[in-house]
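A closer look at the structure
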Amino acid sequence: MKTKELLKISLRQNAIFIPSEMIANDNKNLSGTTSVLLANVSKLGFTFSESLLHALNNVNPNYKVEVLEVLRKVLGTDKNWTPLVKEWNIPTGESVLDHVVTYFWNVLNIKRGTTLQCGHIIPDNTFPLERYNGCPFCGTPFEFGKIENFGQGSKLKVLDLWSEKELQDFYKSLLQSKTALDATQVESLKTALKYLPLPKVDIAMKETLMLVIDILIEEGQAEKASHYFKSPTDILRYLWFKNTGLLQIIEPKTIIKRTSKNAQHLYYAADTSAQAKIASQKDLKLKYSRKECLMVANWLNNLDMEVETMCEIMHPKRGMWVRVIRALRLAEYSKRKGFEKLAFLMDVFYNQVYDVWQSKVNTSRLKFDADKTFALLKQRPGLFARSLFSNMLWFGADETVAHFEEIIDKVPARLVFTLNMYAQNYFDKNMQRSVKPLGGTNKRIAPYALLNLYDEAQLEAMKNQIEALCLLAMKKRFAAIANTNKTIYIDPQLFNMPVSIGDRSETVQDLPVALMGTRFPIEGNEVRLFMQWGKDLPSQHLDMDLSCHIAYDDKADICSFSRLETVGCKHSGDIRHIPNKIGTAEYININIDELTKAKAKFVTFTCNAYSNGSITPNLVVGWMNSKYPMKISEKTGVAYDPSCVDHQVRVTQNVAKGLVFGVLDVAKREIVWLEMTFGGQVVGGLDFKGVQALLAKLSSKLNIGKLLELKAEAQGLTITEDQNADEVYDAKWAINAAVVTQLLID
């Protein structure tokens, strides 16, 4: 079990982990089991590097079986990939009229026709039943087939060897990451914390710290965990993480509202939003044992911080703190001997005899008192950075930037780069920006109204000021680090890979990971979208929809359950009822030549939960791509081939109703990997302008290549095309986003 879980971590980083003690000898000739493994893995679209092949050749055959099992598990070869329609690339000719006639036929209980296993009567001369694997009326599948076509992919992905050193280095890099971990990294870190000892490193992010604290407490080391808490917010974050599984402190009302909205339905009779709201409120109720109450009381009592400061920090989440204090019975514990500080904290907090820093900032800002406002903001550089743009428009660019220059060295590097990246979009009067409120879905917001006070030349000057200031600050940070190296190699691919800042992806990538904004070139003429859901769940109504939105210059089109065929796109049929335990699948074939001829611009890939609630956990979506034509089974319609998979993600969070998982740029013949949640039950709920705003945001992000060029310039390194340089940065290095964040020097 342990080795399989660690194998999954390494696979996400394009490698296979082999413990050194498992390499028993040093045979040079390939054994029979190794040859069989290599052949089976190539069918799945992978191959091994020379070092990995040699290591696998000298391990126990049982470990080779584990490697193959993990690859098959991740690629879902044991799942059901049968769609509703056989040879679905040829239209069945079904129409809305067929569904209407069948509806009345069943309501009136007319017996003429074909009665299916689900009980529905299909009238003659409506649906061509010989073309279906199930009921065309209710979307219940009856027939299932296995994957028939393997190895159609036009290129193999090379896997490298990981030893204990590489695994340990990756483990440390996750703990030291200077940006918030995405869902894939969180899952990898949880596995590492479970099976490997905690290394002695400084943990950079509060969200990462919560995972470490959780493991320590589970192991009965609450006293050791208490040393990691530096403020009341850290304690609240941990308590809320244990209650909701969310690493960010999202207000209860936000979670309840989101859950209720997900349970809304287009048909009023099927709407369960009121029940979902009540259930969500019940789930969020706080209940703690006496042992947990005492543990938290000790944490608060032992914090090395002034009581007034603690109360000020608690103030923004006052409503949540009141609930937590009551649930933990802290008023009772504060009366015990030794808890005098906790008693004082309760008294000051409830009587509100403390000042709030943010209220002082707001007051002085409204009074237009620049000196006092900037004096306060300098006390908290991070918050000054987050409000820099608005203050430039409020007080004037020159004065604001002059004050910010004084404290920019204290601002975390990730914020400095964020300022540089987003200034281009913020100071554009005509550009709507893509934002994702805490606990919400992606939204578009209008340009800030104060922009209209300035002309284009002034706004351009503000952009240039920000860029010059941020680049100078980062050069100073790089230059301050002694470096005896002379040359540096930067892989050209790194100029297409954005630095992972502010991307809290909510989906898990079990195959080699890609950063949001990564572009995948299309080799052939077809892209095939796939979606698989319902594995290990009992038979039930569970309607997930795979769709795509096609954008033209002057119109929009969709391909979904309601429109199975349109220009350039064909859908495999709408399944609404999952079979027992094995799951089910839907596909969409995209013909790029047809879309080019029709002058389509973009195709947005989406999946939605048509059923009440959010997208079901462990649903997998992705796309396939190959230089060669990809076959569709004539017998069953199965169109999945693991060797052709370009990218796939697994949904883990249960708060999204709709998800965008990629955008095809038809003219460039490339797919941009992005993740954008939206609140639609159907693809029609997608706001394509929101997708465009997110694409603009991604394109403005600093890429890894540019960051390394900045480092080279600051440290006097010569950029060379020779990979034998003193410092080598290639795509293999960049696949670990946590390692890349170490370039963000604080």
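Counting restarts for each chain: residues are numbered from 1 in the order of the written sequence. In keeping with the model being predicted, local features are shown solely for residues with a pLDDT of at least 70 and side-chain atom pairs are shown and tallied solely at 80 or more, while totals for entire chains, interfaces and linings include all residues. The basis for every side-chain value is the complete set of non-hydrogen atoms in the structure, without hydrogens or water.

**What to know about the overall build of the protein chain**
- In this description a helix means any DSSP run of H or I spanning at least four residues, a strand means any run of E spanning at least two, and both kinds are numbered starting from the N terminus. The secondary structure content of the protein chain amounts to 29 helices and 26 strands.
- The C-alpha atoms of the protein chain give a radius of gyration of 28 Å, which matches the 27 Å a tight globule of 746 residues would have.
- Based on the C-alpha atoms only, the size of the protein chain along its principal axes is roughly 80 × 70 × 65 Å.
- Evaluated residue by residue, the protein chain yields a buried proportion of 55% over its 746 residues.
- By definition, residues are in contact when any of their heavy atoms lie within 4.5 Å. If you take every contact in the protein chain between residues at least 6 apart in sequence, the share linking residues at least 24 apart comes to 76%.
- Computed with a 1.4 Å probe, the accessible areas rest on the Shrake-Rupley method; for each residue, only the protein chains presented here act as cover. Carbon and sulfur atoms make up 52% of the accessible area of the protein chain, which amounts to about 33,600 Å² in all. Based on C-alpha atoms, the radius of gyration is set beside the globule rule, defined as 2.2 Å times the residue count to the power 0.38. The cut-offs for exposure are 20% and 50% of the maximum accessible area for each residue type, with area from a 1.4 Å probe on protein chains only; residues under the lower value are buried, those over the upper are exposed, and the others partly exposed.

**Some remarks on the nonpolar core**
- We call a set of buried residues a nonpolar core when its members are Ala, Val, Leu, Ile, Met, Phe, Trp, Tyr or Cys and they connect through side-chain atoms within 4.5 Å of each other. Ranked by internal contacts, the top residues of the largest apolar core, which has 168 residues, are Leu 300, Ile 590, Phe 605 and Leu 664.
- Sequence-distant contacts of Phe 605, defined by excluding residues within four places in its chain, comprise Val 527, Leu 529, Ser 547, Ile 590, Trp 623, Leu 659, Val 660, Phe 661, Gly 662, Val 663, Leu 664 and Ile 671.
- Core analysis: the second largest hydrophobic core is formed by 62 residues, Phe 374, Phe 384, Tyr 454 and Trp 733 among them.

**Some details on the side chain of Asp 545**
- Secondary-structure assignment places Asp 545 in strand 13 (residues 544–551).
- Only four residue types enter the tally: Lys and Arg on the positive side, Asp and Glu on the negative side, with His and both chain ends excluded. A carboxyl oxygen of Asp or Glu within 4 Å of a side-chain nitrogen of Lys or Arg is what we treat as a salt bridge. In this structure, Asp 545 is buried with no salt-bridge partner, the nearest side chain bearing the opposite charge being Arg 576 at 6.9 Å.
- Contacts of Asp 545, omitting those with residues within four sequence positions, involve Met 531, Phe 561, Asp 574, Glu 586, Thr 606, Cys 607, Asn 608 and Tyr 610.

**Observations regarding the sheet that holds strand 5 (residues 157–162)**
- By this definition, two strands are paired if DSSP reports at least two bridges between them. With parallel pairing, three strands are arranged side by side in an open sheet as 1-5-2. Both edges of this open sheet fall to strand 1 (15–17) and strand 2 (46–48), since each of them pairs with a single strand only. Strand after strand, the sheet turns through a mean of 35° between neighbouring axes, direction not considered.
- Both strand 1 and strand 5 contribute to a ladder of three bridges, which runs parallel. Bridge pairing links Ile 16 to Leu 161 in strand 5. Axis geometry follows a simple rule: fit a line to the C-alpha atoms, using only the stretch in contact for helices, then measure angles between N-to-C directions, giving values from 0 to 180 degrees.

**Description of the pattern of salt bridges**
- Summed over the entire model, instances satisfying the criterion amount to 29 salt bridges.
- Note that Asp 26 is salt-bridged to Lys 28, the shortest N-O span being 3.9 Å.
- Exposure remark for Asp 26: the relative accessible area of 48% places this residue in the partly exposed category.
- The class of Lys 28 is exposed, set by a relative accessible area of 65%.
- For Glu 332, the salt bridge is made with Arg 290, and the minimal N-O distance between the two is 2.7 Å. Of this pair, Glu 332 sits in helix 16 (residues 330–333) while Arg 290 is found in helix 13 (residues 290–301), placing the two residues 42 residues apart along the sequence.
- The partly exposed category is assigned to Glu 332, whose relative accessible area is 37%.
- Residue Arg 290 is classed as partly exposed on the basis of its relative accessible area of 44%.

**Thoughts on the packing of helix 24 (residues 456–479) against helix 27 (residues 704–715)**
- Running from N to C, helix 24 and helix 27 point in directions that differ by 60°, and their axes come no closer than 8 Å. The pairing of helix 24 with helix 27 is recorded here as oblique in orientation. Crossing of helix 24 over helix 27 shows right-handed handedness. Taken together, the residues of helix 27 that come into contact with helix 24 (itself represented by Leu 471, Met 474, Lys 475, Phe 478 and Ala 479) are Leu 707, Leu 710, Lys 711, Glu 713, Ala 714 and Gln 715.
- Residue type decides the class: Asp, Glu, Lys and Arg count as charged, Ala, Val, Leu, Ile, Met, Phe, Trp, Tyr, Cys and Pro as nonpolar, and the leftover types, Gly among them, as polar. In the contact of helix 24 with helix 27, the residues fall into seven nonpolar, one polar and three charged. Convention used here: angles under 35 degrees read as roughly parallel, angles over 145 as roughly antiparallel, angles from 65 to 115 as roughly perpendicular, and any remaining angle as oblique. Take the far helix as your reference; a near helix turned counterclockwise from it by less than a right angle gives a left-handed crossing, and one turned clockwise gives a right-handed crossing.

**A few points about helix 8 (residues 206–218)**
- Under the convention used throughout, the expected extent of a helix is 1.5 Å for every residue step, that is, one less than its residue count. If you check helix 8, its first and last C-alpha atoms are 19 Å apart, about what 13 residues at 1.5 Å a residue would give, namely 18 Å.
- With eleven of 13 residues buried, helix 8 is to be regarded as a mostly interior element.
- Considered for burial, the residues of helix 8 that qualify are Glu 207, Thr 208, Leu 209, Met 210, Leu 211, Val 212, Ile 213, Asp 214, Ile 215, Leu 216 and Ile 217.
- A positive backbone phi angle near 80° is found at Gly 220, which sits one or two residues after helix 8.

**Quick word on unusual backbone geometry**
- Despite not being glycine, Asn 14 shows a phi value in the positive range, around 65°.
- With respect to the element layout, Asn 14 can be found in the loop between helix 1 (2–12) and strand 1.
- The phi torsion at Asn 618 lies on the positive side, around 70°, for a residue other than glycine.
- Its place among the elements puts Asn 618 in the loop between strand 19 (602–609) and strand 20 (620–625).

**What about the packing of aromatic side chains?**
- Here a pair means two rings of Phe, Tyr or Trp (six-membered ring of Trp) with centres within 6.5 Å. Their orientation is stacked below 30 degrees between planes, edge-to-face above 60, and tilted elsewhere. Inspection of the entire model under this criterion finds 25 aromatic pairs.
- Taking the centre distance of 5.0 Å and the plane angle of 45° together, the rings of Phe 389 and Tyr 426 count as tilted. One end of the pair, Phe 389, is in helix 21 (residues 388–395); the other, Tyr 426, is in helix 23 (residues 413–426), with 37 residues separating them in the sequence.
- Phe 389 gets classed as buried once you look at its relative accessible area, which sits at 9%.
- Every member of this aromatic cluster is reached through a ring pair, and the members are Phe 368, Phe 374, Phe 384, Trp 394, Phe 395 and Phe 404.
- In this scheme, Lys NZ or Arg CZ marks a charge over a ring once it lies within 6 Å of the ring centre and within 35 degrees of the ring normal. When the ring centre of Phe 46 is taken as reference, the NZ or CZ atom of Lys 157 above it lies at 5.4 Å.
- For the cation-ring pair, Arg 365 lies above Trp 394, with the distance from its terminal atom to the ring centre recorded as 4.7 Å.

**What to know about the sheet that holds strand 21 (residues 645–651)**
- Overall, antiparallel pairing links the seven strands, which are arranged 9-21-20-11-18-16-15 in an open sheet. At either margin of the open sheet sits one strand with a lone partner, and together these are strand 9 (507–508) and strand 15 (565–566).
- In the sheet, strand 11 (residues 526–535) pairs with strand 20 via six bridges, with the strands oriented antiparallel. In the sheet register, Gln 532 faces strand 20, and the bridge partner there is Val 620.

**Let's talk about the environment of Glu 66**
- As for its placement among the helices and strands, Glu 66 is situated in helix 4 (residues 61–75).
- A C-alpha to C-alpha distance of 56 Å links Glu 66 and Glu 340, two positions 274 residues apart in sequence.
- Once residues within four sequence positions are removed from consideration, Glu 66 is found in contact with Thr 3, Lys 4 and Leu 7.

**Some details on the pairing of strand 14 (residues 556–559)**
- Burial along strand 14 is one-sided: the face carrying Asp 557 and Cys 559 is buried and the face carrying Ala 556 and Ile 558 is not.
- The pairing of strand 13 with strand 14 spans four bridges and is classified as antiparallel. When the sheet's bridge partners are listed, Ala 551 is paired in strand 14 with Ala 556.

**Brief notes about helix 17 (residues 340–351)**
- Taking 1.5 Å of rise per residue, twelve residues should cover 16 Å, and helix 17 covers 17 Å from first to last C-alpha, within 8% of that figure.
- The set of residues buried in helix 17 consists of Leu 342, Leu 345, Met 346, Val 348 and Phe 349.
- Turning to helix 17, the residues buried within the fold contact helix 13, helix 14 (307–314), helix 15 (318–327) and helix 16.
- At the exit of helix 17 stands Gln 352, carrying a positive phi of roughly 55°.

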